[in-house]
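# Observations on the three-dimensional arrangement
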Amino acid sequence: MTATEKLILYRFFKTSADYLRGYALSEEEPVFVDTEIAPAEAAQQDAAPAQNPSTEPHVLFQQAGQDSRFSTMADIAQAVHACRGCGLVATRIHAVPGEGPEELSRLQNSVEVMVIGEGPGADEDKTGRPFVGKAGQLLDKMLEAIQLSRKTNCYITNIVKCRPPQNRDPAPAECAACAQFLEAQIRLQKPLAILVFGRCAAQLLLNTTEGIGKLRGRFFDYNGIPLLATYHPSALLRDESLKRPAWEDLKKFRTQLLQLRAERV
Ligand code: URA
């Protein structure tokens with residue numbers, strides 16, 4: 001049984017118990033983990049041909065075709081809010097499509113930079129806005145240091161638009177279900193460059209299992225758009241020693257962006 005399924009069951013029984021015994025003061029929810037499947041069952045699954053190889057997210061991100069359902073950012077946001085494409089819908093409070101300059105978020109338009117994280121955390125789930133917790137406040141400062149801001153020239157979003165319970169890594173099927181939205185966001189916003197935060201997002205977008213220590217600070221080509229990955233602000237909050245290399249990466253990104261701007265005019 002997966003952690004998400006266990007959490008759903010827990011909440012179901014908790015609600016019933018609260019109803020019967022009267023509401024208890026709010027208790028911390030237990031942290032559930034996926035139960036590993038028995039070796040025999042796993043072997044059977046390995047032997048079975050893959051039903052849909054594109055549920056491998058890194059493959060899917062390359063395969064995600066142009067989705068004509070979406071011609072404005074508002075179309076995408078609406079579809080994200082209505083999405084029932086994976087199990088995260090059962091545990092989320094709010095879906096979090098993304099956020100950019102007010103007028104651009106609604107229309108088909110372009111931002112200079114697309115900022116991509118992993119997935120909403122507790123604060124984002126509560127508010128429906130990306131990167132608003134502690135890591136988000138640090139992200140805003142990091143962006144500001146290179147003259148970027150969600151209010152003027154960046155669109156901030158995530159690989160998955162709903163919170164994975166207990167902030168676990170998003171599962172392949174969850175990333176696969178969400179890939180259509182990110183692909184459409186990039187297509188409509190046509191950013192000059194993409195800035196990726198954290199191992200999980202970098203690996204998915206770059207189709208690799210290489211660690212973030214190797215991927216960070218280098219430019220890659222993402223369907224014709226220069227993409228640079230660096231450490232996630234949450235990692236910087238846990239480990240101060242990552243701040244300097246992250247700053248070096250941001251400066252490199254800034255230099256490249258200035259050049260891209262100059263080439264555009
Ligand atoms: N971490 C992320 O990767 N994204 C958010 O929106 C918040 C925290």
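Residues numbered from 1 in each chain as written. Predicted model: local features only at pLDDT ≥ 70, side-chain atom pairs only at ≥ 80, totals over all residues. Heavy atoms only, no water.

The protein chain goes by Type-4 uracil-DNA glycosylase in an unreviewed UniProt entry, where it is assigned to Treponema phagedenis. Quoted verbatim from the Sequence similarities (unreviewed entry) heading of the UniProt record, the comment on the protein chain is "Belongs to the uracil-DNA glycosylase (UDG) superfamily. Type 4 (UDGa) family." (UniProt positions renumbered as here; feature names shortened; annotations may be inferred.)

### Some remarks on helix α9 (residues 199-206)
Within α9, 7 of the 8 residues are buried, which leaves the element mostly enclosed by the surrounding structure. Among all positions of α9, only Cys200, Ala201, Ala202, Gln203, Leu204, Leu205 and Leu206 are buried. Backbone geometry just after α9 places asparagine 207 at a positive phi near 55°. (Buried < 20%, exposed > 50% of the residue type's maximum accessible area, 1.4 Å probe, protein only. Helix = DSSP H or I, 4+ residues; strand = E, 2+ residues; numbered from the N terminus.)

### So, the pairing of strand β4 (residues 219-222)
The side chains of a regular strand alternate between both faces of the sheet. Relative to strand β5 (residues 225-230), β4 runs antiparallel, the two sharing 4 bridges. Among the inter-strand pairings, aspartate 221 is bridged to a residue of β5, identified as proline 226. Hairpin connection between β4 and β5: a loop of 2 residues separates the two successive antiparallel strands, and asparagine 223 in this loop has a positive phi of roughly 45°. (Pairing = 2+ DSSP bridges.)

### Digging into the site of the ligand
Lining the immediate environment of the ligand, one finds Gly117, Glu118, Gly119, Glu124, Pro130, Phe131, Asn158 and His232. Residue glutamate 118 places a main-chain N or O atom 2.8 Å away from an oxygen atom belonging to the ligand. Asparagine 158 places a polar side-chain atom, nitrogen or oxygen, 2.8 Å from a nitrogen atom of the ligand. Alone, the ligand offers 240 Å² of accessible surface; in the complex the protein occludes 91% of this. When atoms are counted within 2 Å of each cavity's grid points, the one that captures over half of the ligand is the largest pocket. (Near = heavy atom within 4 Å. Polar contact = N/O pair within 3.5 Å; in protein donor to acceptor, adjacent residues only side chain to side chain. Areas by Shrake-Rupley, 256 points an atom, 1.4 Å probe, with all protein chains shown as cover. 1 Å grid on protein atoms, 1.4 Å probe; cavity = no way out; pocket = protein on both sides within 12 Å on 5 of 7 lines; lining within 4 Å. Sits in = over half its atoms within 2 Å of the grid points.)

### Concerning the pattern of salt bridges
According to the stated counting rule, one finds 12 salt bridges in the structure shown. Salt-bridge contacts for aspartate 249 lead to arginine 216; the nearest nitrogen and oxygen are separated by 2.9 Å. With aspartate 249 in helix α12 (residues 243-264) and arginine 216 in the loop between α10 (212-215) and β4, the pair connects residues that are 33 residues apart, well separated along the chain. Exposure remark for aspartate 249: the relative accessible area of 2% places this residue in the buried category. A single salt-bridge network, built from bridges that share partners, covers Glu99, Arg129, Asp140 and Arg150. (Salt bridge = Lys/Arg side-chain N within 4 Å of Asp/Glu carboxyl O.)

### Brief notes about helix α4 (residues 73-82)
Of all the positions in α4, only Met73, Ile76, Ala79 and Val80 are classed as buried. For α4, the angular spread of the buried residues around the axis is 125°, confining them to a single face. Exposed residues on α4 whose side chains face more than 90 degrees from its buried face are Gln78 and Ala82. (Arc of directions from axis to C-beta.)

### Here we look at unusual backbone geometry
A positive phi angle, near 55°, is found at glutamine 147, a position not held by glycine. Mapped onto the elements of the fold, glutamine 147 is located in the loop between α7 (134-145) and β2 (154-158). Exposure remark for glutamine 147: the relative accessible area of 45% places this residue in the partly exposed category. Positive phi, normally seen in glycine, also occurs at asparagine 167, with a value near 55°. Tracing the sequence through the fold places asparagine 167 in the loop between β2 and α8 (172-189). Among the residues examined, asparagine 167 registers a relative accessible area of 46% and is labelled partly exposed.

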